[in-house]
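Residue strings, one per chain:
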Amino acid sequence: MGCFNTERCSTGLQIIPSLLPCSTQRTLLSRLWIRDLCNPQHNTNLHLHYSIPYPDAGTSFYHYKDPNKVLLQPKDPATHKPMTVTQMLNKKLRWMTLGGQYDWSRKVYPEMDAIERKTLLVPFPDDTATLINSIFPDITPQAAISNLYTPGDTLSPHRDISEASSAPLASISIGADAIFIIGLPPRLSEPVDDGGERILVMRVKSGDVIVMGGESRWAWHSVPRIFPVSSATDKELDDWPGTSTNDEGVLNHWKGWMSKRRVNLNVRQMWD
């Protein structure tokens, strides 16, 4: 498993291009947005303001025959209007949490004592945890956020500091290319007049994985741009969840949904 170069490796930052083959990327997409999105325990950015019309078991939001007629009802009609499933999937859905459910208003994870920690209140999906841990044995997946981006979306500069663990953080990119920016520790940077830190800017592509460990675990980072195209060579990835070989007409209604979208799965260990 390689690092970008020796200096950056010494910060604990690893940039691994094309680590996940397209077949694995498609599998992750189906787990996240067909299966996991249908689990009411997995919060999204919409839960605070809307009642979610969950589909029947064994199906998904993409399986509704007429998603323009299925509505998410606002909890406060005076503040928000009803939303169709089409609107939800095309633009309004921005993120989903797995495992430990992060409280975005208080910027903390739910408080749990040592006994409760042995069994997460919301279990992390076993198959996704096995995949992550098989690639990165230093990470025990306990929480994750999956972000959904379209061109024009950004992620503001921030640090992930709510976890009570120094274990590395793994970030997986699927779909459209993006610009990722991270600050490196000053003492490892090339000499500059003002003594400031070095800023690393890179274009991340589908299948790339960034691991932030060591000093880079607490680094400031952001995503200032999403490109309207993907570098992926797999047409079935662009066509997901409908594919050229999928004869299920309901899913093929959404064919091309991923062609201008980026999914990021950011996996964390909450405690040691």
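Predicted, not measured: the structure shown is a model, and the values here were computed from it. (Residues numbered from 1 in each chain as written. Predicted model: local features only at pLDDT ≥ 70, side-chain atom pairs only at ≥ 80, totals over all residues. Heavy atoms only, no water.)

### Things to note about the pattern of salt bridges
A full pass over the atoms with the stated rule returns eleven salt bridges. Taking the shortest distance from any N to any O, the salt bridge between arginine 35 and aspartate 36 comes out at 2.8 Å. Here arginine 35 falls in the partly exposed class, since its relative accessible area comes to 36%. Across the pair lysine 91 and aspartate 153 runs a salt bridge whose closest N-O atoms are separated by 3.6 Å. Residue lysine 91 is found in helix H3 (residues 85–92), and its partner aspartate 153 is found in the loop between strand E6 (143–149) and strand E7 (155–158); the two are separated by 62 residues along the sequence. We classify lysine 91 as partly exposed; its relative accessible area is 42%. On the basis of relative accessible area, aspartate 153 is assigned to the buried category, the value being 9%. Each member of the salt-bridge network shares a partner with another, and the members are Arg31, Arg35, Asp36 and Asp127. (Salt bridge = Lys/Arg side-chain N within 4 Å of Asp/Glu carboxyl O. Buried < 20%, exposed > 50% of the residue type's maximum accessible area, 1.4 Å probe, protein only. Helix = DSSP H or I, 4+ residues; strand = E, 2+ residues; numbered from the N terminus.)

Spatial relationships are all this shows, so hold off on functional conclusions.
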